[in-house]
Amino acid sequence: MSGSSYPRVTFARAATVGAELLTMRFEPTVNSVARRDPITQGCLVSVALFALLSGCTTRVRVVPADQSQPALHAAARSASLPWWCDSLDQEIIRRHNLQALLRRNPDRALLELHSVVSRHPDVAAAAALADLNCRYAGTLQRAQPEKALGLYLNAAASAYGWIANGQVPSSTNPWSAWMVRSYNKATVGAAMLMQRLAFGLRTNQVVSVGAQPFQVEAQSGDAFSNLRCYDQWLSADDWNQIGLSHRYRNEGLGARLVAIRTNQQKTALELHQPDEGIIHPSTAILRFESAYGESADTRRAMLMFYNPMFTPEIEVAGRRWPLAADYTIPWATLLSRTRPLFKTRWTALLRPGETSRPHRLYLMQPYTPDRIPIIMVHGLRATPLTWQQLTNELMGNPEIRRRYQIWHYLYPTGLPFLTSAANFRDDLDEVRRLVDPDGRDFATQNMVVIGHSMGGLLARTLVTDSGDALWNSTFAVPISEIPPDTEQLPQLRRVFYFAPKSYVKRVIFMAVPHRGSTSADGPFGRFVAARVHLPDALNTFVASLKSSIPGLLRPDAASLFEHGYPTSIRALSPKTPGLTALARLPIASTAVFHSIIGDRGLGGGEHSSDGVVPYSSSHLAGASSEVIVPAGHRTYENREAIEEVKRILRLHVSELAQRSESAGEYR
């Protein structure tokens, strides 16, 4: 893809950008400032400074469903219709002449309709009965929660009988669809109300409606839905999200829920889960047994919870049913709590030693040994919020959701990329040992890494053998001649020497400055770099090293360390010896790599640029694929880029399956 028809990114749009160093975003403009008169030059730099200081906001939030369409809900409220008024229900109500009785004595009316359905089973009447029980419960759940719970159980039990007996064969039949909808609605109501009763879901409850008593108990339906692992469940259908491009949810059987737990960070694994909370999709199912204990009149109701990411369908009376699920609202709920994380992007750039979250790998889903980790690494002045759209798109795709799990890496972006890359490699090894101590899991042997901008440079060190190239590009003294008792030697080895990680099988580079960006050397880049304050210990590290080993640095690298430890911005200059040396090294044969490159319409093809990184810097020879998309530097939000990521992930699964098929290893 190439061409010059893409619209240029204006300063107004640039002012909303917050995921990357904005000095680079103005590359064509900053380079031309010197050719303008002083007033114009000052205005342009002021606009650029405003853009840098404004950044972007945390755009994703969740709102109650009745607030997302206030005009519609206001119109419904103004109509003041009785609770039993529904087009499908009205046919049954009129057929059995229940209008007046529903108004005077709804309990009696529902009992009469129940009696009719018992004598003459009819799917339409049974569906209406279940729906009316749900509607009546909705009017009582605040004032009489136990009675409302009984009504919900009655509705679910009635509908479940038809579903379990195979009498609801098709969702295309309006009454069959109505039955499933009533069952789901009743299950949601029961799940919400049981949390309000004494001891909540952790104890059995006995409730009655009419002459029918129920004993209800909550159970875990799969290994990922332990009731003690969550504090609260919300109804996903009661919420809408704002900020994500799509909402992904499945129709099916059950209550679409959001399972939430406060992250106490008491275990090693909890330290690698989001600080904002452990929030996952959940689906509840009500199953019924005819008798319980000594009383044949008491029905046993089991409220069973599943994680639809891992249990997408269940069996009811020999028939497979897809579980109803919402994959976007749980993700949006987590994102709506990330304002503190969003605020760290500035501290992480300007004072990386003081950020509250220095560097950490986060598992966004429960670890499973058969699902391949996709590790996403953000760029400069960013956080994992960079990946909010892409993560939602991948979790919303059934094939990818079934084969992959998503991890995010957070790091302070003021540090030079080689230092952050060393931390990344250590963190990744640590998490692998934590989740797979024996190193035998299919998941931990076939990882995919996606790196955006500077994050791509971190990812590159996972699939590259540095040899002596990086050391020799920076230091004039061979490492073999450094006294072995030099205090800084272990850290120098850790940063400048690395080997390919055999478990990283594929890397996707998105808008990565493999050869740097001239914007880092421009006036605005220097302005921001001067305001980055690294920890004193790092500057002391460099000063001590230089004084103990005279002539250590090569002349072309000396300026990089002139004022102490280099910052990330200075290290992204095309003149940085370590960066250029890394760009010349080959990618290991054990890994496949792909490039996704943005073009803002600045020439197309080899002349393209995303406004931050030109094609000449982001291109890597030997890529399995290279795609140029009509986007600025935020390629991770571009629709074509997201589709390319999906294609690559499907290809990864396919190629692994082909290689492992004969050995019978792939599931």
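Residues numbered from 1 in each chain as written. Predicted model: local features only at pLDDT ≥ 70, side-chain atom pairs only at ≥ 80, totals over all residues. Heavy atoms only, no water.

### So, the pattern of salt bridges
At step 1: Tallied over the full model, the rule gives 26 salt bridges.
At step 2: For the salt bridge of arginine 135 with aspartate 131, the shortest nitrogen-to-oxygen distance reads 2.8 Å. With arginine 135 and aspartate 131 both in helix H10 (residues 123–140) and four residues apart, this pair spans about one turn of that helix.
At step 3: One salt bridge connects arginine 300 with glutamate 217, and the closest N-O pair in it is separated by 3.0 Å. Placement of arginine 300 in strand S9 (residues 299–306) and of glutamate 217 in strand S3 (residues 212–220) is noted, with a sequence separation of 83 residues between them.
At step 4: With relative accessibility at 18%, the residue arginine 300 sits in the buried group.
At step 5: One continuous salt-bridge network, built from bridges that share partners, spans Asp237, Arg249, Glu251 and Arg256. (Salt bridge = Lys/Arg side-chain N within 4 Å of Asp/Glu carboxyl O. Helix = DSSP H or I, 4+ residues; strand = E, 2+ residues; numbered from the N terminus. Buried < 20%, exposed > 50% of the residue type's maximum accessible area, 1.4 Å probe, protein only.)

### Here's the deal with the sheet that holds strand S14 (residues 372–377)
At step 1: Judged by pairing direction, the sheet is mixed, and its seven strands sit side by side in the order S13-S15-S14-S16-S17-S18-S19 without closing on themselves. The open sheet has two edge strands with one neighbour each: strand S13 (360–363) and strand S19 (625–629). Taken over all neighbouring pairs, the strand axes of this sheet differ in orientation by 20° on average, direction set aside.
At step 2: Direction of pairing for strand S16 (residues 447–452) relative to strand S17 (residues 504–510): parallel, over a ladder of six bridges. Opposite valine 448, over in S17, you have arginine 506 as the bridge partner. (Pairing = 2+ DSSP bridges. Axes fitted to C-alpha atoms, helices over the stretch in contact; angles between N-to-C directions.)

### Some thoughts on helix H20 (residues 489–496)
At step 1: Those residues of H20 not exposed but buried are Leu489, Leu492, Val495 and Phe496. Relative to the axis of H20, the buried residues are bounded by an arc of 130° and lie together on one face.
At step 2: Looking at the packing, one finds that the buried side of H20 touches helix H17 (417–435), helix H19 (469–474) and helix H22 (536–548). (Arc of directions from axis to C-beta. Contact = heavy atoms within 4.5 Å.)

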